[in-house]
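Listed below are the residues making up each chain.
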Amino acid sequence: MQKKLRSIIGLFLVLLSSSSCVEKKPVLYESDEFTLYSDKVVQGKYEARALSATHIVSDYRSTASENYSRLITFKFSINEKDNEMSSGIDHWIIIGDEHQSPLFQFGKDNGPIPTNPGTKLSSNYSYTFRVDMNPVLNQFREKGYYEAFDGSRISKTDFKAVYLAGGSEPLTWDFSNLDENDLALKDPDQDGIYELTVLLNPFEENISTKSNWILSSNITAKPRYQSEQKIVDALFNLSLEEALMNIEKDSTFRTGAKWEGVWTRDISYSIWLAFAYLEPQVAKISLMRKVSRDRIIQDTGSGGAWPVSSDRVVWSLAAWEIYKVTGDRNWLSTIYPIIKNTLDDDYKTLYSPRTGMFKGESSFLDWREQTYPRWMNNSDIYQSENLGTNVLHYQAHIILSQMSEMLGEHGEVYFKRAQEIKRGILQHLWMAEKGYFAQYLYGRNNLMQSPRFEALGEALSILFDVADKEQSGLIMEKSPITAYGVTCIYPQIPDIPPYHNNAVWPFVQSYWNLAAAKAGNEKVLTHGLASVYRAGALFLTNYENFVASNGDYVGTEINSHRMLWSMAGNLAMVHRVFMGMSFTPEGIKFNPVIPHNYPGIKKLSNFKYRKSELDITVEGVGKTIASITLDGNSLEQAFLPGNLTGKHVIVIRMEGDDFSAPGINLVENHFSLPNPKVVATDDQLNWARVSGAERYQVIKNGKVISETNNVEFQIDDRIAEYAVIARDGSGYDSFASEPVCPQMNKETITIEMEQILVPSSLPYTNFTGKGFVEISKNKNREIIIPVSIEKSGKYLVECRYSNGTGPWNTDNNCAVRSLYKNDEYIGVLVFPQRGTDEWSDWGMSNSLAVILEKGKNQLKLKFEDWNTNMDGEINQAMLDYIRLVRYE
């Protein structure tokens, strides 16, 4: 009996011993949505595994086509603009077995949108949409124009096409790209009934459910990374390979697999992250492709690029980073005048004396309706002042002041301007009650905070020391972060499909991770690393973005694999976080930040730096260095001089200190309410109740003056500018309504331009008065405008104009003119594009505040050198009238 018992015990011990020998994979991050192990990612039924540092397999498959609703919401559009019905009112259908819609009438909605039926539409479903355009065509015949719901007029001569917009693929709410997406309806029998057949829920049946990546390029000349986290090693190598694939024959970087060419912000953010040190020569050539007239090119942006978009200065950060890595004085001399000329032009064009900040669109978030309320036009966006863009301007001025000192030039003025920008950011955008910055100031003539969170701007504020240490800690602890990563903005904007809205961008996540490392927040850093590695492993490439709500790369408006800035972010996690490298003109500083879930030895070998080759080892975890040696000798202040030559070995041992205390604000993905639509009478504001709103804030001249549950408000100052915000039960605000000024017309002086100059003979319509005037680089370069004022005071000066030189969302022909009062320079009036060849589509420019004295004054519109736009040649607009509105 005892012998039998000993045998049973022995067998039990053997089994216990063998089970303890089963390898337990370390967990790097775990959540309800996915788990990241040292060698794999598991998300539901899908898994990606690193079989080695050069081989990853993944069975991930998008489920987007399995969740395609039969409820389709959509609108029709004239000339790719949202001009059929007011925001929030859409057509709808619930598709049964039919393949053709009922006949919709343009401009007439078909009732409240019903509840989603829950049932799904089969893939590749052919469906024909139909719309009766006769009401529009009749107005064209009778009046020569169609008057839209908002009072805007579409000239018969400007009419190009009718389009279909919507949120169900292949439909898109991106009105500016409806033509590119083949969403124009046709009327072949000329009866006014337009039709379009589309393939709803498109799906390629032959896509494999299994996939793998095996290194096929020779990357032996590149740095080699080895760690105890095999998934990180493999994604590092995958990113190195994709970077090589993105180098074109002309030695420039391709933006992505689907996007050829060099784009200013893409290349600049990518160079700062990784390619200044990995591919400095390719980086130099790529940056110089984005220079014209010894100035940085703004190659994308709303309504004609610069100055509506003004983040081209990110080029300065990339160029300076290359100098810090290479120490190349010739490069320093090359980039100095380019940056100086650019900043000098920007100061004259973008500077806001009211705040000390610079105007312009959110950096990289340049798809208007993805980031701004729909009522904002491109002139309004120019007037706005954004966090991320201003941090870039701050840092560019700091860089120029440092370069000036190194080159023996006078740069004090740029340092002073930098400090003014920083003060403006801290004073006007910091939200103490939230613990992070507001995204931007917006409005029209009186700007207010938009309290939305903007991930890239917040990260940049930490990395470039706009936020102090306390603020940096708060930003990391308080900022809202969703399950799959930090979203570009938060909360999301309703009724806007994923792209910048409701999406995670790995390059933004990477900047966020660098900021988390600098702030010393382990929870945020661990979550952020998992976000980057989950996407890379499951998708087996560096996609540009993915949907925030489900983590899928399918479902965003535009996407591409092998995106340059995404791979740069992946690589930067090794060099800038795990190795802790930051570059200075004098050398490299080391400050590794290693979460406790990433233990062990990490080695980066064959790293080329100036005239040296480095092998770097980091041992242990924590955010504090216990010891650091160079070739066996202690390295003072963890700083490597830039004048070393030959091969060297650096060994860093971490303290193992605990930095898990700071928290993380993980939240459900949330959408704000639509903004109210306010109608003003002489003494009252009225608006329709917004579903889900618990209360409303009334804004007067940019400041909150009241909170109410009512949908009306008595006003006491009829000259003031008012707006209303809806707040939901979670405390999140909608965008403000479009500002209204009840008595504007009673305090206005309007001067028809044809009263000053000979009117143009061009055949455009919809102007006021008896004509309009053309301005270009050859016509009316200087216009003198005499003004008689009955009452001294501050006046807003603005122009009604048209600009048909390009589409309203892109291109590079924003017209710009300098405004003077009695030879005193006031600022610029901008005339963004309003639609290709749509010269009868009129709108208002931005406004400038001018002090005018009683009696005679003289205003002057003049084309100056700093008004040269990105096209360089076409700088054209039609001016209908100039308007002066008494402001106080």
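Basis of the calculations
Residues numbered from 1 in each chain as written. Predicted model: local features only at pLDDT ≥ 70, side-chain atom pairs only at ≥ 80, totals over all residues. Heavy atoms only, no water. Helix = DSSP H or I, 4+ residues; strand = E, 2+ residues; numbered from the N terminus. Rg over C-alpha atoms; globule rule 2.2 N^0.38 Å. Buried < 20%, exposed > 50% of the residue type's maximum accessible area, 1.4 Å probe, protein only. Contact = heavy atoms within 4.5 Å. Areas by Shrake-Rupley, 256 points an atom, 1.4 Å probe, with all protein chains shown as cover. Lys, Arg positive; Asp, Glu negative; His and termini not counted. Charge placed at Lys NZ, Arg CZ, Asp CG, Glu CD. Pairing = 2+ DSSP bridges. Patch = residues over 30% accessible without salt bridge, like charges linked within 9 Å, V, L, I, M, F, W, Y side chains within 5 Å. Salt bridge = Lys/Arg side-chain N within 4 Å of Asp/Glu carboxyl O. Phe/Tyr/Trp six-rings, centres within 6.5 Å; stacked < 30°, edge-to-face > 60°. pLDDT = per-residue confidence, 0-100. Axes fitted to C-alpha atoms, helices over the stretch in contact; angles between N-to-C directions. Parallel < 35°, antiparallel > 145°, perpendicular 65-115°, else oblique. Left-handed = near helix turned anticlockwise from the far one by under 90°. Nonpolar A, V, L, I, M, F, W, Y, C, P; charged D, E, K, R; others polar. 1 Å grid on protein atoms, 1.4 Å probe; cavity = no way out; pocket = protein on both sides within 12 Å on 5 of 7 lines; lining within 4 Å. Points joined across faces, edges and corners; volume = space filled by probe spheres on them.

**What to know about the overall build of the protein**
The helix and strand tally for the protein stands at 16 helices and 53 strands. The C-alpha radius of gyration computed for the protein amounts to 29 Å, which stays within 12% of the reference 29 Å derived for 888 residues, consistent with globular compactness. With respect to the principal axes defined by its C-alpha atoms, the protein has extents near 110 × 75 × 55 Å. Relative to its 888 residues, the protein shows a buried fraction of 60%. By sequence separation, contacts in the protein at least 24 residues apart represent 72% of the contacts at least 6 residues apart. Roughly 34,700 Å² of accessible area belongs to the protein as shown, and the carbon and sulfur atoms make up 48% of that amount. Mean positive and mean negative side-chain charge positions of the protein (90 and 110 charges, respectively) differ by 4 Å.

**Brief notes about the side chain of H393**
Within the secondary structure layout, H393 lies in helix α10 (residues 387-406). Overall, H393 belongs to the buried group, its relative accessible area being 0%. The contact partners of H393, leaving out residues within four places of it in the chain, are S310, V313, D346, L350, F358 and I421.

**Quick look at the pairing of strand β46 (residues 782-789)**
Alternating residues of β46 divide into I783, I785, V787 and I789, all buried, and E782, I784, P786 and S788, none buried. The sheet contact formed by β46 and strand β52 (residues 855-862) spans eight bridges and is antiparallel. Within β52, the position partnered with I783 by the bridge is L861.

**Concerning a negative patch on the surface**
On the surface, a cluster of negative charge is contributed by E30, D32, E33 and E668. Among the secondary structure elements, E30 is positioned in strand β1 (residues 27-30). Exposure remark for E30: the relative accessible area of 58% places this residue in the exposed category.

**Let's talk about the pattern of salt bridges**
On inspection of all chains with the given rule, the structure shows 44 salt bridges. Note that K160 and E838 form a salt bridge whose closest N and O atoms lie 2.7 Å from each other. One end of the pair, K160, is in the loop between β11 (153-155) and β12 (162-166); the other, E838, is in the loop between β49 (824-831) and β50 (843-844), with 678 residues separating them in the sequence. Residue R883 is joined to E798 by a salt bridge in which the shortest nitrogen-to-oxygen separation is 2.6 Å. Of this pair, R883 sits in strand β53 (residues 877-886) while E798 is found in strand β47 (residues 793-802), placing the two residues 85 residues apart along the sequence. In this pair, the class of R883 matches that of E798, namely buried. What emerges from the salt-bridge pattern is a single network uniting K25, D39, K40, E47 and R49.

**Quick notes on the packing of aromatic side chains**
Inspection of every chain in the model, using the stated rule, returns 56 aromatic pairs. When the ring of W272 is compared with that of F464, the centres are 5.7 Å apart and the planes differ by 80 degrees; the resulting orientation is edge-to-face. Separated by 192 residues along the polypeptide, W272 in helix α4 (residues 264-278) and F464 in the loop between α12 (455-463) and α13 (469-478) bring together distant segments of the chain. Neither W272 nor F464 differs from the other in exposure class; each is buried. Residues Y440 and Y442 carry aromatic rings whose centres are separated by 5.5 Å and whose planes lie at 75 degrees to one another, so their mutual orientation is edge-to-face.

**A look at the confidence of the model for the protein**
On average, residues of the protein carry a pLDDT of 94, and 96% of them reach 70 or more. This model gives residues 1-22 a pLDDT under 50, and the stretch forms zero contacts once residues within four places in sequence are excluded.

**Examining the packing of helix α15 (residues 522-539) against helix α16 (residues 564-578)**
One way to put it is that α15 packs onto α16 with a least axis distance of 10 Å and a crossing angle of 150 degrees. As far as their axial angle goes, α16 and α15 are roughly antiparallel. Helix-helix and strand crossings are classified by hand; for α15 and α16 the assignment is left-handed. Counted together, L525, L529, V532 and Y533 of α15 and N570, M573, V577 and F578 of α16 form the full contact between these two elements. Residues that form the contact of α15 with α16 fall into these classes: seven nonpolar, one polar and no charged.

**Regarding the sheet that holds strand β42 (residues 712-714)**
In spatial order, the strands read β38-β39-β42; together these three strands make up an open sheet with antiparallel pairing. The sheet terminates laterally at β38 (678-680) and β42, the two strands that pair on one side only. In this sheet, adjacent strand axes meet at a mean angle of 20 degrees when their direction is disregarded. Pairing analysis gives three bridges linking β38 to strand β39 (residues 684-687), with the strands arranged antiparallel. In the strand pairing of β39, A680 is matched with L685.

**Quick word on empty space enclosed by the protein**
Across all of its chains, the model carries five cavities of 30 Å³ or more by this definition. As a volume, the largest cavity reaches approximately 80 Å³. Along its surface, the largest cavity is lined by P506, V532, A535, G536, F539, T541, N542, Y543, N545, F546, S566 and N570. Residue assignment for the lining of the largest cavity shows that the elements contributing at least two residues are α15 and α16. With four residues, the single largest contributor to the lining of the largest cavity is α15. For the lining of the largest cavity, the class distribution of residues is six nonpolar, six polar and no charged. By volume, the second largest cavity is sized at about 60 Å³. Taken together, K222, L240, A243, L244, I247, F275, L278, E279 and L571 make up the full set of residues lining the second largest cavity.

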